[in-house]
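Below, each chain spelled out in residue letters.
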Amino acid sequence: MNSGPLLEKIRSRVTSDKEEGDIAYFYALSLEFEYLAKLTVLGVVACLRDDADRNRYSIEYDLIRCDSIGEWVRILNSTLTGPAAQFFIPTSTHITRDLTERVKSGDWRYELVSLVSEAAAHFGLDTRVANKVALRQSFELFSSIRNRTRGHGATTTEQCSEVCPKLEQAIDLFRNNHRLFQHDWAHLHRNLSKKYRVSALLGECADFEHLKSSRDEVFSDGVYISLGEIVKVPLLFTNTSLTDICLPNGNYKAKEFETLSYITNEINREDGSIWSTPPGRLPPSHTEGKSHLDQLGSVFTNLPEAARGYVPREDVQYQLKEELLKSDRHPIITLTGPGGIGKTSLALAVIGKLANLPDCPYEVILWLSSRDVDLLDAGPKPVTPSVVNKGAIAESAVDLLEPSGRHDKAFNPQKYFEESLSEGAAGTTLLVLDNFETVESPADVFNWIDTFIRPPNKVLITTRFRDFHGDYPIEVGGMTDSEAMSLITQESRRLGVAELLSSEYTSELIDESDGHPYVMKMLLGQVAMEGRAVKPERIVAGANQLLVALFERTYEGLSPAAQRIFLLLSSWRVFVPAIAVEAVALRPGNERFDVQDALDELRRFSLTEEVCSSAEEEVFVGIPLAAASFGRRKLEVSPFKVAVEQDRKLLMEFGAGDKESSRQGVMPRIDRLVSVAARQASDNPDALEIFIPVLEFLGSRIPKAYLRIAQLLAEGKLDDQSHEKTKGYVRRYLESADKTNREEAWFWLADLCHESNDAIGEIHALGEIALLPATTAQTIGIVANRMNNRLRELKERGVEESWSDEVGQLIERVAQEMERQMASLDATDCSRLAWLYLNTGHQDRARDIARKGIEKEPYNEYCLKLVDRLEA
């Protein structure tokens, strides 16, 4: 049997509750069985591939809304036997067979089902077992027991003493034999260095070991199972320290759902917005290719209808057309550019004209779309991608080309497709893969296609990202002014707002959108909605011709400090945070000077462009193109050259950006710098000495930077000294951060104090959370629970510090704040408050609070136990 926190933590709770008597033991075993049932469901869902009908999404959609274990069991059965069953990955068949195979006496599964059946019989349930049973029936039987005992029954001690041994034996059989738990489970967290922290939940996790040193593989944070391939387990929540494990518990509302820890009884709420779209198959994209080939000119193709109102992009269209007409080179052409820039519309326009040429070089044009979002006039809308992986691409090509023998069992769609790339499918072929970035593993699919494509056949890819090499890229940028003007004129007439647009506003709109056609359409849509010319958020500064005319004279009049900053910004022409320029220029080893004054001087002379981010109200600065070109020429002969190049090297670690990305604020740039620092420190810890002074300067203005330093230190080896430094940076953040943003940091500080055995520090941090203005009753309940658990642990260890006057005062502050929210507390929270008073010696007050909890919920076991204890 695999061992690890995934199964051992809940078993520890059961062992502890066993000492409190048979009833407590029965309920603990019931919780463990329910916990295992939910883990099984989530493990089974993890084995599902995504499909066009969104079966996996639909199952997850239902799970976060389930308010009973019976609903979980129903979903498990439908997943194992319904339409979704055809989408299990091949390496998971032994797991699903474990649950569905009907077995006779002598098999551990038969024994397990019989034990649960016998347990159910003690509660008057008719649960006779047939000659053959399936393991999944044990969950149905348990659901009946759960409903009878916790939902509609009053369990007796005698019943529990009879049932507990059977449930314990059944659970042991399940834990020790179910194949799902014979695989390695791990929590993955990608560090700032892009390597992974692997926290073993079950087994030795040898299959995950390589991720500790790899930066190439990309997995989102979460829990994964190794099944020959690494698959993510949905809806299982824990952290890198594995301090707790939470599972969905229903109560879905306001796009959030409840999670419950069966180990600590802690309840949280998680974001469920990604499961807010109704389940089922989404509509196809309006740019999805037709399901059959039609003749267009001299070509057979399934091209979708061309976009209405398309405005020609003459230069890039000519470039694409010329490349498509070349039959001897560039077999893969890539149209790259941001979303909504017009790549798909451009491709359709060019290919449509190409097909009608009398000397078109292609006989077949196949259009395959991976688009998952349509950018419509009404806004982005999710759609079903037509092809999502290599198999789907090959099968779609077969469906369109209808080769003879395709219905034979020996027919291999992938091999046929590969031959078509090399030799042509019914003639010279152009294959178009639209929205390529949304296929699974784009780089792998590209390499696959690149391996087999041969001229004169060609492949055209449209994509936002290029994670591959070997193609011929054509960049699709913003429209030219004349193209943008044509689009604005056309759309404003269609929307009936032409009279609202002055020539000045039109020019501003073009500049604001940077010629992005979809953005311009959205801005015009807003004009139509509000009935007025809505002013764009950003006004572009500068008359570039005036700057060029005054450039030489202006530069000569700058102070040396301003010249140095001007040369630095010119050497890398992007928009960067002004605070980053300050931090880099003031790095250790540089001569100290007033960087802010130099930036102000450049601003006064109109040599910089600025954008103020709404996120932190920080200024981003950049140099216009003409000025930057001039500055680079000056740099070649400047005495500042060596120092500027060193500054630029560090400044580039903040990452490149433009005016639009500057709206996101400074933190994404700081995170980029921290990622670089983490990567370098993972190989050489001394590298942090270069970055920490820069980050400390940033923290003086952007307090979150202190948290990033703490993260850097926490990812290293935490000895006593680094532990204290980490806590120090978290405290520096808390000293300057807004109170509304402190809760998470206080929780982290509490965890750090717990790890370093700093009891007073931990309790103080938890107490501060309770006293935050926006803290909810639910959060205070969590704080109280952690405090009580910590105090109990310290008391058991005989640590006198846990009962000091300082600790008592901190606990009383939390208790008083918690009592002020009495109306919002539930019965379990009342029991936690009562324990706080009990821990500070106020037994009478503890009893009164516990009684109030019983008034809220007469059968709350925690309050009842506490009252019995205090009145004994």
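Quick caveat, the model's predicted, so the values are computed rather than measured.

**Let's talk about the packing of helix H11 (residues 390-401) against helix H12 (residues 413-423)**
Phase 1 of the analysis: Look at H11 against H12: their axes get within 8 Å of each other, and the N-to-C directions meet at 75°. As judged from the angle between their axes, H11 and H12 are roughly perpendicular. Between H11 and H12, the contacting residues are Ile 393, Ala 394, Glu 395, Ala 397, Val 398 and Leu 401 on the first element and Pro 413, Gln 414, Tyr 416, Phe 417 and Ser 420 on the second.
Phase 2 of the analysis: Taken together, the residues of the contact of H11 with H12 sort by class into 8 nonpolar, 2 polar and 1 charged.

**Comments concerning the sheet that holds strand S12 (residues 332-336)**
Phase 1 of the analysis: What the 7 strands build is an open sheet, ordered S10-S11-S13-S16-S17-S12-S18; its pairing is mixed. One side of each edge strand has no neighbouring strand; the edge strands of this open sheet are strand S10 (294-296) and strand S18 (472-475). Within this sheet the neighbouring strands show an average axis-to-axis angle of 20°, counted without direction.
Phase 2 of the analysis: This element, helix H13 (residues 442-452), spans S12, strand S16 (429-434) and strand S17 (458-463) of the sheet and lies at about 150° to S12.

**Some remarks on the nonpolar core**
Phase 1 of the analysis: Residues Ile 565, Val 581, Ile 670, Leu 695, Leu 698, Leu 833 and Leu 836 are the most contacted members of the largest nonpolar core, which totals 107 residues.
Phase 2 of the analysis: Here the element with the most residues in this core is helix H24 (residues 667-683); it accounts for 8 residues.
Phase 3 of the analysis: In this structure Ile 565 touches Val 581, Ala 585, Phe 593, Val 595, Ala 598, Leu 599 and Leu 602, once residues within four positions along its chain are discounted.
Phase 4 of the analysis: One finds Val 44, Leu 48, Leu 115 and Leu 135 within the second-largest nonpolar core, a separate group that totals 84 residues.

**Points about the pairing of strand S20 (residues 609-612)**
Phase 1 of the analysis: Only one face of S20 is buried: it carries Glu 609 and Val 611, and the other face, with Glu 610 and Cys 612, is open.
Phase 2 of the analysis: Looking at chain direction, S20 and strand S21 (residues 619-622) are connected through 4 bridges and run antiparallel. Within S21, the residue paired with Glu 610 across the bridge is Val 621.

**A word on the pattern of salt bridges**
Where charged atoms from two side chains of opposite charge come close, those side chains can pair.
Phase 1 of the analysis: Applying the stated rule across the entire model yields 41 salt bridges.
Phase 2 of the analysis: The closest approach of N and O atoms between Glu 20 and Lys 865, which form a salt bridge, is 2.9 Å. One end of the pair, Glu 20, is in the loop between helix H1 (5-18) and helix H2 (22-46); the other, Lys 865, is in helix H34 (residues 861-871), and 845 residues separate them in sequence.
Phase 3 of the analysis: Judged by relative accessible area, Glu 20 falls into the partly exposed class, the value being 48%.
Phase 4 of the analysis: Notably, a salt bridge pairs Arg 329 with Asp 328, separated by 3.5 Å at the nearest N-O pair.
Phase 5 of the analysis: Assessed through its relative accessible area of 39%, Arg 329 is described here as partly exposed.
Phase 6 of the analysis: Overall, Asp 328 belongs to the exposed group, its relative accessible area being 54%.
Phase 7 of the analysis: Residues joined in a network through salt bridges with shared partners are Glu 8, Arg 11, Glu 32, Asp 172 and Arg 175.

**Here we look at the side chain of His 94**
Phase 1 of the analysis: Tracing the chain through its elements places His 94 in helix H5 (residues 93-100).
Phase 2 of the analysis: From its side chain, His 94 meets the backbone oxygen of Thr 91 in a polar contact 3.2 Å long.
Phase 3 of the analysis: A polar side-chain atom of His 94 sits 2.7 Å from a polar atom in the side chain of His 183.
Phase 4 of the analysis: Not counting residues up to four positions away in its chain, the partners in contact with His 94 are Arg 179 and His 183.

**Digging into empty space enclosed by the protein**
Phase 1 of the analysis: With the rule as written, the count across this model stands at 2 cavities of 30 Å³ or more.
Phase 2 of the analysis: If you go around the largest cavity, the residues you meet are Leu 366, Ala 397, Leu 401, Phe 417, Ser 420, Leu 421, Ala 425, Thr 429, Leu 431, Ile 453, Asn 457 and Lys 458.
Phase 3 of the analysis: Mapped onto the lining of the largest cavity, the elements with two or more residues apiece are H11, H12 and S16.
Phase 4 of the analysis: In terms of residue count, H12 provides more of the lining of the largest cavity than any other element does, 3 residues in total.
Phase 5 of the analysis: In terms of residue class, the lining of the largest cavity is made up of 8 nonpolar, 3 polar and 1 charged.
Phase 6 of the analysis: Within this model, the second largest cavity holds a volume of roughly 30 Å³.
Phase 7 of the analysis: In terms of lining, the second largest cavity is formed by Phe 33, Leu 36, Phe 139, Ala 170, Ile 171 and Phe 174.
Phase 8 of the analysis: For the lining of the second largest cavity, the elements supplying multiple residues, two or more each, are H2 and helix H8 (157-177).
Phase 9 of the analysis: When residues in the lining of the second largest cavity are grouped by element, the largest group, 3 residues, is from H8.

**Observations concerning the packing of H24 against helix H25 (residues 688-699)**
Phase 1 of the analysis: Between H24 and H25, whose axes approach to 10 Å, the crossing angle comes to 160°. By the angle between their directions, the pair H24 and H25 is classed as roughly antiparallel. For the pair H24 and H25, the crossing hand works out as left-handed. For the pair H24 and H25, contact is made by Ile 670, Leu 673, Val 674, Val 676, Ala 677, Gln 680 and Ala 681 and by Leu 688, Phe 691, Val 694, Leu 695 and Leu 698, respectively.
Phase 2 of the analysis: A breakdown of the residues in the contact of H24 with H25 according to their chemical character gives 11 nonpolar, 1 polar and no charged.

**Some thoughts on the environment of Lys 739**
Phase 1 of the analysis: Among the secondary structure elements, Lys 739 is positioned in the loop between helix H27 (720-736) and helix H28 (743-755).
Phase 2 of the analysis: On the basis of relative accessible area, Lys 739 is assigned to the partly exposed category, the value being 48%.
Phase 3 of the analysis: The sequence separation of Lys 739 and Leu 772 amounts to 33 residues, and the corresponding C-alpha distance is 6.8 Å.
Phase 4 of the analysis: Residues within four places of Lys 739 in sequence aside, it is in contact with Leu 772 and Pro 773.

**Looking at the confidence of the model for the protein**
Phase 1 of the analysis: For the protein, the mean per-residue pLDDT works out to 83, and 91% of the residues sit at or above 70.
Phase 2 of the analysis: Note on residues 537-551: pLDDT under 50 across the span, and 24 contacts to partners over four residues away in sequence or across chains.

**Regarding the packing of aromatic side chains**
Phase 1 of the analysis: Tallied over the full model, the rule gives 16 aromatic pairs.
Phase 2 of the analysis: On the basis of an interplanar angle of 75° and a centroid distance of 5.4 Å, the ring pair of Phe 219 and Tyr 224 is categorised as edge-to-face.
Phase 3 of the analysis: On the basis of relative accessible area, Phe 219 is assigned to the buried category, the value being 17%.
Phase 4 of the analysis: Residue classification places Tyr 224 among the buried residues on the basis of a relative accessible area of 4%.
Phase 5 of the analysis: On the basis of an interplanar angle of 80° and a centroid distance of 6.1 Å, the ring pair of Phe 257 and Trp 275 is categorised as edge-to-face. Within this pair, whereas Phe 257 is found in strand S8 (residues 256-261), its partner Trp 275 is found in the loop between strand S9 (267-271) and S10, the two being separated by 18 residues in sequence.
Phase 6 of the analysis: Sitting over the face of the ring of Tyr 61, Arg 65 holds its NZ or CZ atom 3.5 Å from the ring centroid.

About the thresholds
- Residues numbered from 1 in each chain as written.
- Predicted model: local features only at pLDDT ≥ 70, side-chain atom pairs only at ≥ 80, totals over all residues.
- Heavy atoms only, no water.
- Axes fitted to C-alpha atoms, helices over the stretch in contact; angles between N-to-C directions.
- Helix = DSSP H or I, 4+ residues; strand = E, 2+ residues; numbered from the N terminus.
- Parallel < 35°, antiparallel > 145°, perpendicular 65-115°, else oblique.
- Contact = heavy atoms within 4.5 Å.
- Nonpolar A, V, L, I, M, F, W, Y, C, P; charged D, E, K, R; others polar.
- Pairing = 2+ DSSP bridges.
- Core = buried A, V, L, I, M, F, W, Y, C linked by side-chain atoms within 4.5 Å.
- Buried < 20%, exposed > 50% of the residue type's maximum accessible area, 1.4 Å probe, protein only.
- Salt bridge = Lys/Arg side-chain N within 4 Å of Asp/Glu carboxyl O.
- Polar contact = N/O pair within 3.5 Å; in protein donor to acceptor, adjacent residues only side chain to side chain.
- 1 Å grid on protein atoms, 1.4 Å probe; cavity = no way out; pocket = protein on both sides within 12 Å on 5 of 7 lines; lining within 4 Å.
- Points joined across faces, edges and corners; volume = space filled by probe spheres on them.
- Left-handed = near helix turned anticlockwise from the far one by under 90°.
- pLDDT = per-residue confidence, 0-100.
- Phe/Tyr/Trp six-rings, centres within 6.5 Å; stacked < 30°, edge-to-face > 60°.
- Lys NZ or Arg CZ within 6 Å of the ring centre and 35° of its normal.

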